Amino acid sequence: MNKLSALIATLFAAASLAVFAQATPATPAKPAEPAKPATSAAPATPAKPATPATPATPPAKADKGMEKKDEMKKDTKKKKAAKKDAAKKDEMKKDEMKKDEMKKDEPKK
């Protein structure tokens, strides 16, 4: 039960981090203004060039969080592999002990 509640808590924590750590969208480029014709009050003005779009800045904290998650996954995989190896070794030792006992129990001819 504790594992289930911990799993749910991590799920909600990851989801909330993903929502709040989203990158801000890039500012779209502004269109160029057309040249204004000359009038009696003001002289003609040349057309203004379009302003380039500003790139979005990636969030720095989200990357660190993902790295931590990857490290945690690697650690848990290593721990699981170690447990499996230990279990296999125990089984092999038990099998060897059973074989030895069976050899001892066999009548000699």
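Residues numbered from 1 in each chain as written. Predicted model: local features only at pLDDT ≥ 70, side-chain atom pairs only at ≥ 80, totals over all residues. Heavy atoms only, no water.

Re the overall build of the protein
Move 1: From N to C terminus, the protein includes 2 helices and 0 strands.
Move 2: Taking all 109 residues of the protein together, 0% fall into the buried category.
Move 3: Look at the contacts in the protein between residues 6 or more apart in sequence, and 47% of them connect residues 24 or more apart.
Move 4: Only carbon and sulfur atoms are counted for the fraction: they give 64% of the accessible area of the protein, which is about 10,900 Å². (Helix = DSSP H or I, 4+ residues; strand = E, 2+ residues; numbered from the N terminus. Buried < 20%, exposed > 50% of the residue type's maximum accessible area, 1.4 Å probe, protein only. Contact = heavy atoms within 4.5 Å. Areas by Shrake-Rupley, 256 points an atom, 1.4 Å probe, with all protein chains shown as cover.)

Comments concerning a negative patch on the surface
Move 1: Residues Asp-90, Glu-91, Asp-95, Glu-96, Asp-100 and Glu-101 make up a contiguous surface patch of negative charge.
Move 2: Its location among the elements puts Glu-96 in helix 2 (residues 60-105).
Move 3: Take Glu-96: its relative accessible area is 48%, and that puts it in the partly exposed class. (Patch = residues over 30% accessible without salt bridge, like charges linked within 9 Å, V, L, I, M, F, W, Y side chains within 5 Å. Salt bridge = Lys/Arg side-chain N within 4 Å of Asp/Glu carboxyl O. Lys, Arg positive; Asp, Glu negative; His and termini not counted. Charge placed at Lys NZ, Arg CZ, Asp CG, Glu CD.)

Describing a nonpolar patch on the surface
Move 1: A cluster of nonpolar side chains, namely Met-1, Leu-4, Leu-7, Ile-8 and Phe-12, defines an oily patch on the protein surface of about 600 Å² accessible area.
Move 2: Note that Phe-12 resides in helix 1 (residues 2-20).

What about a positive patch on the surface?
Move 1: A cluster of basic residues, Lys-3, Lys-69, Lys-73, Lys-74, Lys-77, Lys-78, Lys-79, Lys-80, Lys-83, Lys-84 and Lys-88, forms a positive patch on the protein surface.
Move 2: With 10 residues, helix 2 is the largest single contributor of residues to the positive patch.
Move 3: Note that Lys-83 resides in helix 2.

Some words on the environment of Pro-46
Move 1: Here Pro-46 is to be found in the loop between helix 1 and helix 2.
Move 2: Residue classification places Pro-46 among the exposed residues on the basis of a relative accessible area of 70%.
Move 3: Linking Pro-46 and Lys-36, residues 10 residues apart in sequence, is a C-alpha distance of 7.1 Å.

Things to note about the environment of Pro-55
Move 1: The residue Pro-55 is located in the loop between helix 1 and helix 2 in this model.
Move 2: Taking C-alpha positions, Pro-55 is 7.1 Å from Thr-27, a pair spaced 28 residues apart along the chain.

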